Amino acid sequence: MRRFAFHTLDVFTNKPLSGNALAVVHDADSLDTEEMQEIAREICPSETVFILAPHNPVHTARIRIFTPSRELPFSGHPTIGAAVLLAEQKFPRTQKHEAIIVLEEHIGAIRCGVQIDPDYPTIAEFDAPKLAQESGNPPPRDRLALTLGLMPADIGFENHKPTRFNVGIDYVSVPVRDRDALLRVRPMAPLWNDTIGAAAYIYTRMPDGGPSKFRARVFSPDKDLREDSATGAGAVVFAGALARYEGMADGTHNFSIEQGVEMGRPSRLQLEVEISAGRLTGTRIGGQAVIVSEGHIKI
């Protein structure tokens with residue numbers, strides 16, 4: 001019987017039992033793909049990271065990311081959670097530290113900046129390895145509304161309209177007119193594959209938070225349309241919609257995104273968008289993470 005140490009974390013939050021849950025399995029080089037998938041199905045309802053030795057010795061680690069049903073080339077909350085955990089294992093939380101953690105993922109090497117402060121939960125941020133790329137036309141408004149359990153008049157606000165972008169994972173981004181419409185979203189599973197056929201990033205502007213504060217909900221067919229409480233890759237996709245509709249001047253723009261509120265797992269993601277010559281040229285995702293538990297898996 002083999003034993004593997006693991007931790008669980010809550011990511012994109014500053015307190016346990018909120019944010020997006022993540023499991024991290026250490027020293028996983030002896031595990032094959034099938035075993036990783038079985039472990040991911042066993043221990044975490046969201047996503048599981050497996051830590052392996054890096055191909056490049058100057059990097060911190062190589063990681064593989066699994067949902068309960070498949071492997072992902074990249075995902076935001078596992079990247080943030082793994083970076084926070086590896087930094088906290090390297091540097092004690094008794095004093096302030098700034099660390100660089102480089103993670104090898106299927107999509108490429110991702111450089112994460114980590115800030116450790118004994119008085120606050122650890123925060124990590126990373127440059128998105130791929131910018132949002134338009135990947136086709138979104139569904140018609142009436143069909144999209146029906147699939148989300150809304151009325152056509154609920155879809156869109158200001159000049160924001162539905163879009164379809166890809167960051168290694170395909171998303172349809174759906175603006176809805178207000179928080180009430182966001183609360184009323186009820187995905188219709190029988191219609192989903194024919195209408196959307198991808199994850200859906202549903203968002204609205206928060207009227208009490210100024211122009212740079214949004215709230216989002218995310219549903220993915222990979223999770224049988226279970227709602228996701230915090231989605232870093234979805235925020236990278238959202239940057240594409242912001243670049244199209246927000247009319248941003250050249251420079252750096254910061255946005256705060258709430259997610260998971262409607263499902264009782266409130267999360268906060270920080271999104272930094274770089275615009276140059278009127279085009280999206282950079283995306284950075286940041287957030288806090290807290291360790292919740294640790295133990296061993298025996299297989």
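The rules behind the values
Residues numbered from 1 in each chain as written. Predicted model: local features only at pLDDT ≥ 70, side-chain atom pairs only at ≥ 80, totals over all residues. Heavy atoms only, no water. Helix = DSSP H or I, 4+ residues; strand = E, 2+ residues; numbered from the N terminus. Expected span 1.5 Å × (residues − 1). Buried < 20%, exposed > 50% of the residue type's maximum accessible area, 1.4 Å probe, protein only. Contact = heavy atoms within 4.5 Å. Pairing = 2+ DSSP bridges. Phe/Tyr/Trp six-rings, centres within 6.5 Å; stacked < 30°, edge-to-face > 60°. Core = buried A, V, L, I, M, F, W, Y, C linked by side-chain atoms within 4.5 Å.

Chemist: Would you explain helix 6 (residues 232–245) in this entry?
Modeler: Note on helix geometry: an α-helix contains 3.6 residues per turn, so any two residues three or four positions apart are oriented the same way. The first and last C-alpha atoms of helix 6 sit 20 Å apart over 14 residues, in line with the 20 Å expected at 1.5 Å per residue. Summarising burial for helix 6: 12 of the 14 residues are buried, a large majority. Among all positions of helix 6, only Gly 232, Ala 233, Gly 234, Ala 235, Val 236, Val 237, Phe 238, Ala 239, Gly 240, Ala 241, Leu 242 and Tyr 245 are buried. Looking one or two places after helix 6, you find Gly 247, whose phi comes out positive at around 60 degrees.

Chemist: Looking at this structure, how should I read helix 2 (residues 76–90)?
Modeler: For helix 2, spanning 15 residues, the distance from its first C-alpha to its last is 21 Å, which sits close to the expected 21 Å at 1.5 Å a residue. Summarising burial for helix 2: 13 of the 15 residues are buried, a large majority.

Chemist: I tried to follow the environment of Arg 226 on my own but got confused; where do I start?
Modeler: Examined against the element boundaries, Arg 226 turns out to sit in the loop between strand 13 (213–219) and strand 14 (227–228). What makes Arg 226 partly exposed here is its relative accessible area of 40%. When the C-alpha positions of Arg 226 and Ser 46 are compared, they lie 9.7 Å apart, and in sequence the two are 180 residues distant. Contact partners of Arg 226, with chain neighbours within four places excluded, come to Pro 45, Pro 68, Val 218, Phe 219 and Ser 220.

Chemist: What is the right way to look at the pairing of strand 11 (residues 170–175) in this model?
Modeler: Within a regular strand, the side chains alternate between the two sheet faces. Judged by how many residues are buried, strand 11 sits mostly within the fold: 5 of 6 residues are covered. In terms of strand pairing, strand 10 (residues 163–166) meets strand 11 through 4 bridges, oriented antiparallel. Within strand 11, the residue paired with Arg 164 across the bridge is Val 172. Taking the residues that link successive antiparallel strands as the turn, the strand 10-strand 11 hairpin has 3 residues, and the phi of Gly 168 there is positive, at about 100 degrees. As paired strands, strand 11 and strand 12 (residues 199–205) are joined by 5 bridges and run parallel to one another.

Chemist: Help me understand the packing of aromatic side chains in this model?
Modeler: When we look at a pair of aromatic rings, we describe it by the centre distance and by the angle of the planes. One pass over the full model with this rule turns up 9 aromatic pairs. Measuring from centroid to centroid gives 5.8 Å for Phe 157 and Tyr 203, while their planes differ by 85 degrees, and the two rings are edge-to-face. Taken together, the residues span a long stretch of sequence, with Phe 157 in the loop between helix 3 (141–147) and strand 10 and Tyr 203 in strand 12 at a distance of 46 residues. When sorted by exposure, Phe 157 lands in the same class as Tyr 203, which is buried.

Chemist: Got a minute to help me understand the nonpolar core in this structure?
Modeler: Taken as a class, soluble globular proteins show a tendency for nonpolar side chains to be buried jointly. Core analysis: the biggest nonpolar cluster contains 60 residues, and Leu 103, Phe 238 and Leu 271 have the highest contact counts within it. Ranked by residue count, the leading element in this core is helix 6, at 8 residues. Ignoring any residue separated from it by four or fewer positions in sequence, one finds Leu 271 in contact with Ala 235, Phe 238, Ala 239, Leu 242, His 253, Asn 254, Phe 255, Ile 257, Thr 283, Arg 284 and Ile 285. If you look at the next biggest cluster of nonpolar residues, it comprises 18 residues, including Leu 148, Val 172, Ala 181 and Ile 202.

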